[in-house]
Amino acid sequence: MDCESLSKIIGYYCYPVSEDGNILLIETPFRFHDGDDIPAYAELGPHSVRFFDDGDVYWHFAGLGIRMQSEENKQLISDIAEAHGLTRTEVWEVELVARPDQVAAGFAQYIAAMLAFVKWEKERDEALEVLYREERARLA
């Protein structure tokens, strides 16, 4: 499989980001709640395609000021990933490995997990907004 054939299967353009052409960046229209791009990469193997985020979910949430080293937040990332059939690696990548005949379904699972992270971020932001408004009302 190559970038062109992967693009035809998943419906999104991709381009190589590694010298050997086996690591691809996939361009999607999906965004985090704050507008940042949702990461989507593919690593082409001889008998599989690995979809992964290159640690970007971790860094996105860390950039929001979320303490990602806390056990609760580590578990949160793992729980969301695992609920969609993905895993969190020791280097904070969220990934899914698909057989060649399961690439479309694997990519859909990967995107579903990424959108679950977006949902969590949105709910978190909304909860923080409620707390902020309650505190302002209390101080007024």
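Our subject in this report is the structure included herewith. (Residues numbered from 1 in each chain as written. Predicted model: local features only at pLDDT ≥ 70, side-chain atom pairs only at ≥ 80, totals over all residues. Heavy atoms only, no water.)

With that settled, the discussion passes to the overall build of the chain. The number of helices and strands found in the chain is four helices and six strands. With respect to the principal axes defined by its C-alpha atoms, the chain has extents near 60 × 30 × 25 Å. Taken over 140 residues, the chain has a buried fraction of 39%. A fraction of 49% describes how many contacts in the chain between residues 6 or more apart in sequence connect residues 24 or more apart. Summed over its atoms, the accessible surface of the chain is roughly 8200 Å², and 51% of this surface lies on carbon and sulfur atoms. Averaging the positions of the 13 positive and the 27 negative side-chain charges in the chain gives two centres separated by 7 Å. (Helix = DSSP H or I, 4+ residues; strand = E, 2+ residues; numbered from the N terminus. Buried < 20%, exposed > 50% of the residue type's maximum accessible area, 1.4 Å probe, protein only. Contact = heavy atoms within 4.5 Å. Areas by Shrake-Rupley, 256 points an atom, 1.4 Å probe, with all protein chains shown as cover. Lys, Arg positive; Asp, Glu negative; His and termini not counted. Charge placed at Lys NZ, Arg CZ, Asp CG, Glu CD.)

Evaluated as defined, the whole model comprises eight salt bridges. Here R50 and E43 are joined by a salt bridge, their closest N and O atoms 2.8 Å apart. The partner of R99 in a salt bridge is D101, with the nearest N and O atoms 3.2 Å apart. In this pair, the class of R99 matches that of D101, namely exposed. (Salt bridge = Lys/Arg side-chain N within 4 Å of Asp/Glu carboxyl O.)

Let's shift gears to unusual backbone geometry. In this model, D54 sits at a positive phi of 55°, which is unusual for a non-glycine residue. Among the secondary structure elements, D54 is positioned in the loop between β4 (49-52) and α2 (56-63). Although it is not a glycine, W92 adopts a positive phi angle of roughly 65°. Structurally, W92 can be placed in the loop between β5 (87-88) and β6 (94-98).

For the rest of this paragraph, the subject is the sheet that holds β4. With antiparallel pairing, the six strands of this open sheet are ordered in space as β1-β2-β3-β4-β6-β5. A single partner strand is all that each edge strand has here, and the edge strands are β1 (14-16) and β5. The sheet contact formed by strand β2 (residues 23-26) and strand β3 (residues 41-44) spans three bridges and is antiparallel. From the neighbouring strand, L25 faces β3, where its bridge partner is Y41. (Pairing = 2+ DSSP bridges.)

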